[in-house]
Amino acid sequence: MSNPFENLPTTPTGEEVIDKAFSRATRAGGSKDGIEAQQSMLMTASNIVSDNLQNVAQSWPTIDDLDPFYVELADAIVGDAYPADDDPGIDALKQHLSEVSWAGRKAKEIRQEYEGRLVRGDKDTARKLRKQAFARMADVVEEVEDDLAAVSKARDALKGIPDIRPDEPTVVVAGYPNVGKSSFVNRVTRADNKIASYPFTTTQIRVGHFEDGRIRYQLVDTPGLLDRPPEERNEIESQAVSALEHVADAVLVLVDPSEECGYPLEQQLELRNDIESRFDAPVLTIANKSDRSTDVEADHYMSVTENDNVDAVLQAAIDAVGYEIELPFDDE
């Protein structure tokens, strides 16, 4: 599953919905006379309002059916997008979508209420009734203007989630800044690496891919999330780390025993210990810059700059993941 929010359509504003509905209704009624013109205008306006609002709600995936990674990540990102809501996060988004869907249904109900009344009066009465119906539909759309704006904000925030696929074996790369994470990811992954910014951080997430034995692996570099102590992460970032726990099949924590990265080794190892306590997946300690120092107990040593033992570390990650292709076989 790729990013389920990537192709969400643009959310119209309430004003756009009303302008579109009433302008097309005017054109539809212009080709007819009398009561029939009023009926045509009512039908057209109702259909456009209803369809546009229902499409907003129905274009979203069913949140509860998504992979837990995307549910938790969306909850974090939407929570950041709705800081003023009483209950920010994915529940707030569900409520906004529910309100928009209600408005779409209400537009149909208004049409059904008035279309029978239109045919029982004269032309002037039908025109007055149609105007009443238009006013009520406009009120309904106005009532959900804030909901449409909130859905639009969530859509803009979520469509940029990096394409991390929960169904692919995933290696998360963690560690303090300047320990060599990005250099390692760039060295072992393909040239088509994607770099995308999370909406809740000024840094970037890097997602690279490599293949081994016909299996495609994704390597996730985590600056802005798993590069500092947990107490320095804000609530949104902490929730994003929780989301990563759902996709990580193995974690490589890179440390720099030379401390040239600018962080004491003890501090680096404390971050490693926190990651070990959080993730159920295997966590390997990788000492980078082994050409400068190996003064730390680690699972593997390497030097990315010298291209020393990098392939062995990658193989260790593959072994830690332990992913096997499921092959069909005959039960007989």
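Before going into details, it helps to say that this report is about the structure given with it. (Residues numbered from 1 in each chain as written. Predicted model: local features only at pLDDT ≥ 70, side-chain atom pairs only at ≥ 80, totals over all residues. Heavy atoms only, no water.)

A short note on the overall build of the protein chain
1) Next: Within the protein chain, the regular secondary structure consists of ten helices and seven strands.
2) Next: Classification of the 332 residues of the protein chain by burial places 50% in the buried group.
3) Next: In the protein chain, the proportion of contacts linking residues at least 24 apart, taken out of those at least 6 apart, comes to 72%.
4) Next: Roughly 16,100 Å² of accessible area belongs to the protein chain as shown, and the carbon and sulfur atoms make up 42% of that amount. (Helix = DSSP H or I, 4+ residues; strand = E, 2+ residues; numbered from the N terminus. Buried < 20%, exposed > 50% of the residue type's maximum accessible area, 1.4 Å probe, protein only. Contact = heavy atoms within 4.5 Å. Areas by Shrake-Rupley, 256 points an atom, 1.4 Å probe, with all protein chains shown as cover.)

Details of the side chain of Gln38
1) Next: Within the secondary structure, Gln38 is located in helix α2 (residues 34-58).
2) Next: In this structure the side chain of Gln38 is engaged in a polar contact, spanning 2.8 Å, whose partner is the side chain of Arg130. (Polar contact = N/O pair within 3.5 Å; in protein donor to acceptor, adjacent residues only side chain to side chain.)

With respect to unusual backbone geometry
1) Next: Phi is positive for Lys289, close to 60°, though the residue is something other than glycine.
2) Next: Secondary-structure assignment places Lys289 in the loop between β6 (283-287) and β7 (300-301).
3) Next: According to the relative accessible area criterion, Lys289 is buried, its value standing at 13%.
4) Next: In this structure, Asn309 takes a positive phi of about 70° despite not being glycine.
5) Next: Relative to the helices and strands, Asn309 is located in the loop between β7 and α10 (310-321).

Remarks on the side chain of Thr222
1) Next: Looking at where Thr222 falls in the secondary structure, it is placed in the loop between β4 (215-221) and α8 (235-247).
2) Next: Judged by relative accessible area, Thr222 falls into the buried class, the value being 0%.
3) Next: Engagement of the side chain of Thr222 in a polar contact is seen with the backbone oxygen of Val173, the distance being 2.9 Å.

Re the packing of aromatic side chains
1) Next: For the structure on display, the rule yields five aromatic pairs.
2) Next: For the ring pair Phe69 and Tyr70, a centre distance of 4.9 Å and an interplane angle of 65° mean the geometry is edge-to-face.
3) Next: Among the residues examined, Tyr70 registers a relative accessible area of 0% and is labelled buried.
4) Next: Considering the side-chain rings of Tyr176 and Tyr263, the 4.5 Å spacing of their centres and the 35° angle between planes classify their relative orientation as tilted. In this pair, Tyr176 sits in the loop between β1 (170-174) and α7 (181-188) while Tyr263 sits in the loop between β5 (250-255) and α9 (265-278), placing the two residues 87 residues apart along the sequence.
5) Next: Seen from the ring of Phe134, Arg130 lies directly overhead, with NZ or CZ sitting 4.8 Å from the centre. (Phe/Tyr/Trp six-rings, centres within 6.5 Å; stacked < 30°, edge-to-face > 60°. Lys NZ or Arg CZ within 6 Å of the ring centre and 35° of its normal.)

Side note on the pairing of β1
1) Next: With five of its five residues buried, β1 lies for the most part within the structure.
2) Next: Across the two faces of β1 the burial is the same, with Thr170, Val172 and Ala174 and Val171 and Val173 all buried.
3) Next: In this sheet, β4 lies alongside β1 in parallel orientation, the contact comprising four bridges. Paired with Val171 across the strands is Leu219, a residue of β4. (Pairing = 2+ DSSP bridges.)

Regarding a negative patch on the surface
1) Next: On the surface, a cluster of negative charge is made up of Glu15, Glu16, Asp19, Asp139, Glu142, Glu143, Glu145 and Asp146.
2) Next: Looking at the negative patch, the elements with two or more residues in it are α1 (14-30), α5 (123-143) and α6 (145-158).
3) Next: As for its placement among the helices and strands, Glu145 is situated in helix α6.
4) Next: By relative accessible area, which is 35% here, Glu145 ends up partly exposed. (Patch = residues over 30% accessible without salt bridge, like charges linked within 9 Å, V, L, I, M, F, W, Y side chains within 5 Å. Salt bridge = Lys/Arg side-chain N within 4 Å of Asp/Glu carboxyl O. Lys, Arg positive; Asp, Glu negative; His and termini not counted. Charge placed at Lys NZ, Arg CZ, Asp CG, Glu CD.)

None of the figures reported here should be taken as evidence of function without further support.
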